[in-house]
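# Structural overview for review
Okay, here's what each chain looks like letter by letter:
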Amino acid sequence: MERTNKTIALIIKLIFWGLLAAFFVWAFTNSMFSTIVEQPDTFFRLLGEHVTIVLLSGAAAVLLAVPLGIFVTRPKFRKSEWLIIGIANLGQTVPSLAVLALAMGFLGIGISAAIVALFVYSLLPIIQNTIAGIDSVDDDMIDAAKGMGLTNSQILWKIELPNALTSIIAGVRTALVINIGTAALAYLVGAGGLGVWIFTGIRLFDNAFLMSGAVPVTLLAILIDYLFKWLQFALVPKGLRLARKAQNS
Amino acid sequence: MIHFNDVTKVYNGNVKAIENMNFNVEDGELVIMLGPSGCGKTTLLRMVNQLESITDGDIMLNGKSVKHSNKIEMRRNIGYVIQSNGLFPNMNIEDNAMIVPNLLGWDRKKMRDRFNTLMELVGLNPDQYRKRFPHELSGGQQQRVGVARALAADPPVMLMDEPFGALDPIIRTHLQEEFLQIQKELKKTILFVSHDIDEAVKMADKIALLKGGQMMQYAEPAKMLNKPANSFVAEFVGQDRVLKSMSLYTVKDLATALTLKPVSESLEAQNINENLSLRVAISKLLNQEADQLIVENNNGTNKGSITLDLIEQFLHREIKESV
């Protein structure tokens, strides 16, 4: 059973990489990335803008959403959960384009509107994953910690956060990967980014522009995803990895 | 050491979980709180280290009211063991076991020495397990670490909430016996929650039997078995309570209380060590292995013989005496 599963997984992987390779061969033979080759300076400027928008909005979201998630899970403030989640949900359910437009309404044209819009957009996954992570910490563990005389803040730092870290990082990872895609819309509020080439490509029916913008965005998303996978491995205590393995086996 | 003074716990203003509980746990005693689920035994235990608040009355720990003590400081001086061991998966075994000393600010050398001593005490090799993580250990090993952790800062008092309840019977028996040995050495004052009458009979100096938040009987195991205070106690300890109580006496106890019979040549005989329990003796006699048992001490010296009549005589005496 396990053998056949592994074979199927291998075949799917091979097909995937094959398609990817075929795509790049096609793209290069049709000089789809000619725009990058011809205008490297512009490319790096747009890439820089794109990354700046994603990272600044993401960092701000982490700085607000993780403490909010922690705040909501304190027994005293548990009742505020619906309110905070409700507000964050609002940011998420409104289409990203509308959030951008609203932000532009307040902040005018430019990069700050894009950063604020994406910041609002990233809050929900991070808050929800922080809450879920802390909630998933075994009550008996907390009980033992309390019974041994750990203070509430010691329980938070030594027990709750380390045990919730996997989930929190997963939330940040989700938020950032979504953001990289959404940041392509930043062009619409005059914030630049690789969206500039994508939209140019759409308007001019010029696939070289389109691909030169879209493919780097995709690669960036994959890169960030891998980076966070590694970060998860590096930051989460070894014992928890073993615990997860033990649970899955 | 632990005095319960009119302790009452009321939930939501009307549900009485504990009603006017009064009893004392003396220094170095192991007291087991026993009772059906929902009887309030765990609540009572958790009131000692203030994980549950006390509605009325007070608990005095070493002469100090737990209500008015600093909770954090007090808890660091009480060993706490729970059923699911509650080890922290993000910390290795040494960090887990040394969490209280760490909070108390011990230096590294002292902690290392303490860890080594404790692991030896609970029967685990310190160097083999130091850097391991909880999930790499079996349930029994985890619970040993749980016990070591509770003992880490050498607290005079221990609270144990069904510490061996989640283990399989063989491992449980092992750990019970090992823990009794540890207790013999350390003489801690222990309050222990259990729902298992056999565990209580085996381990407790005194048993507190609870029902519906009230004390049904507080007595030594032998007394509770031989002289249950009411029908609830009699039912809870089981109809075979007299047989159970036999495991509390050794052949030696009988030999000291009554004069042994001379060995009769006409009866079939077997030898029995005087340190074995009377329960074993009865079992041997009933099993048709022999009609009399020749009592011998550790050196193999013959001290006389016992028969079922003599055990019956001893039983009557004990039951009468414990009135």
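Residues numbered from 1 in each chain as written. Chains lettered and ligands numbered in written order. Predicted model: local features only at pLDDT ≥ 70, side-chain atom pairs only at ≥ 80, totals over all residues. Heavy atoms only, no water.

In the nomenclature of an unreviewed UniProt entry, chain B corresponds to Carnitine transport ATP-binding protein OpuCA from the organism Terribacillus aidingensis. Quoted verbatim from the Sequence similarities (unreviewed entry) field of the UniProt record, the comment on chain B reads "Belongs to the ABC transporter superfamily." Heading Catalytic activity (unreviewed entry) of the UniProt record for chain B holds this comment: "a quaternary ammonium(out) + ATP + H2O = a quaternary ammonium(in) + ADP + phosphate + H(+)". (UniProt positions renumbered as here; feature names shortened; annotations may be inferred.)

In the nomenclature of an unreviewed UniProt entry, chain A corresponds to Osmoprotectant transport system permease protein from the organism Terribacillus aidingensis. One UniProt comment on chain A, placed under Subcellular location (unreviewed entry), says "Cell membrane". The annotation that UniProt attaches to chain A under Sequence similarities (unreviewed entry) is "Belongs to the binding-protein-dependent transport system permease family. CysTW subfamily."

All names here are of chain B. Look at helix H5 (residues 108-121): 20 Å from first C-alpha to last across 14 residues, which is about the 20 Å you get at 1.5 Å a residue. Among the residues of H5, Met111, Phe115, Leu118 and Met119 are the ones counted as buried. What you see down the axis of H5 is that its buried residues fit within an arc of 95°, all on one side. In H5, those exposed residues whose orientation departs by more than 90 degrees from the buried face are Lys109 and Glu120. On its buried face, H5 is in contact with helix H3 (93-97), helix H4 (99-104), helix H6 (126-129) and helix H7 (139-151). Of the residues flanking the start of H5, the one acting as N-cap is Asp107, its side-chain oxygen 3.2 Å from the backbone nitrogen of Lys109. (Helix = DSSP H or I, 4+ residues; strand = E, 2+ residues; numbered from the N terminus. Expected span 1.5 Å × (residues − 1). Buried < 20%, exposed > 50% of the residue type's maximum accessible area, 1.4 Å probe, protein only. Arc of directions from axis to C-beta. Contact = heavy atoms within 4.5 Å. Polar contact = N/O pair within 3.5 Å; in protein donor to acceptor, adjacent residues only side chain to side chain.)

What follows covers the interface of chain A and chain B. The partner chain B presents 23 residues to the 23 residues of chain A that form the contact. Carbon and sulfur atoms make up 68% of the surface buried where chain A meets chain B, a total of about 2,000 Å² over both sides. On the chain A side of the interface with chain B, the three residues burying the most area are Asp143, Gly147 and Met148 of chain A, jointly 28% of the side's total. Our enumeration of links across chain A and chain B arrives at one salt bridge. In this structure, Arg46 of chain B and Asp143 of chain A form a salt bridge, with 2.6 Å as the shortest nitrogen-oxygen distance. Along the contact surface separating chain A from chain B lie seven residue pairs in polar contact (both at pLDDT 80 or more). Of all the elements in the fold, those that place two or more residues in the side of chain A that touches chain B are helix H7 (139-147), helix H8 (152-182) and helix H11 (238-248) of chain A. Considering each element in turn, the side of chain A that touches chain B owes the most residues, seven residues, to H7 of chain A. When its residues are assigned to classes, the side of chain A that touches chain B shows twelve nonpolar, six polar and five charged. (Buried area = accessible area lost by both parts, 1.4 Å probe. Salt bridge = Lys/Arg side-chain N within 4 Å of Asp/Glu carboxyl O. Nonpolar A, V, L, I, M, F, W, Y, C, P; charged D, E, K, R; others polar.)

This part covers the pattern of salt bridges. Residue and element names in this part refer to chain B. Applying the stated criterion to the full structure yields 20 salt bridges over all chains. A salt bridge links Glu94 to Arg112, with the nearest nitrogen and oxygen atoms 3.5 Å apart. Placement of Glu94 in helix H3 and of Arg112 in helix H5 is noted, with a sequence separation of 18 residues between them. Residue Glu94 is classed as buried on the basis of its relative accessible area, which comes to 8%.

Before going further, it helps to spend a moment on the confidence of the model for chain A. The predicted model of chain A has a mean per-residue pLDDT of 90, with 99% of residues at 70 or higher. Within chain A, no element has a lower average pLDDT than H11 of chain A, which sits at 77, and none a higher one than helix H3 (residues 40-73) of chain A, at 94. (pLDDT = per-residue confidence, 0-100.)

Our next topic: unusual backbone geometry. The backbone of Phe205 of chain A sits at a positive phi, close to 50°, despite the residue not being glycine. Along the polypeptide, Phe205 of chain A turns up in the loop between helix H9 (195-204) and helix H10 (207-235). For Asn20 of chain B, which is not glycine, the phi dihedral falls at a positive 40°. Relative to the helices and strands, Asn20 of chain B is located in strand S2 (residues 15-25). Judged by relative accessible area, which is 45%, Asn20 of chain B ranks as partly exposed.

What follows is about the sheet that holds strand S13 (residues 302-306) of chain B. Working definition: the strands of a sheet are paired by backbone hydrogen bonds and lie parallel or antiparallel to each other. All names here are of chain B. Strand order in the open sheet made by the three strands is S11-S12-S13, with mixed pairing throughout. Of all the strands in the sheet, just strand S11 (269-273) and S13 have a single pairing partner and so form its edges. Direction aside, neighbouring strands of the sheet carry axes that sit 30° apart on average. Relative to S13, strand S12 (residues 292-296) runs antiparallel, the two being bridged by four bridges. Among the inter-strand pairings, Glu296 is bridged to a residue of S13, identified as Asn302. (Pairing = 2+ DSSP bridges. Axes fitted to C-alpha atoms, helices over the stretch in contact; angles between N-to-C directions.)

Okay, the domain arrangement of chain A next. Examined at the domain level, chain A breaks down into domain 1 (1-30) and domain 2 (33-248). Centre-to-centre separation of domain 1 of chain A and domain 2 of chain A, based on C-alpha positions: 29 Å. (Domains from an automatic or database assignment.)

Here we come to the packing of H3 of chain A against helix H6 (residues 111-135) of chain A. Residue and element names in this part refer to chain A. Look at H3 against H6: their axes get within 6 Å of each other, and the N-to-C directions meet at 35°. Considering how the two elements wind past one another, H3 and H6 form a crossing that is right-handed. Residues that form the contact of H3 with H6 fall into these classes: 21 nonpolar, five polar and one charged. (Left-handed = near helix turned anticlockwise from the far one by under 90°.)

Let us look at the sheet that holds strand S4 (residues 56-61) of chain B. Residue and element names in this part refer to chain B. Read from one edge to the other, the open sheet built from four strands follows the order S2-S1-S4-S5, with strand pairing classed as antiparallel. The open sheet is flanked by S2 and strand S5 (64-65), the only strands paired with a single partner. When strand S1 (residues 2-11) meets S4, the two strands line up antiparallel, connected through five bridges. For Ile2, the partnering residue across the bridge sits in S4 and is Leu61. Along the sheet, helix H1 (residues 41-48) contacts S1, S2 and S4; its crossing angle with S1, the most-contacted strand, is approximately 120°.

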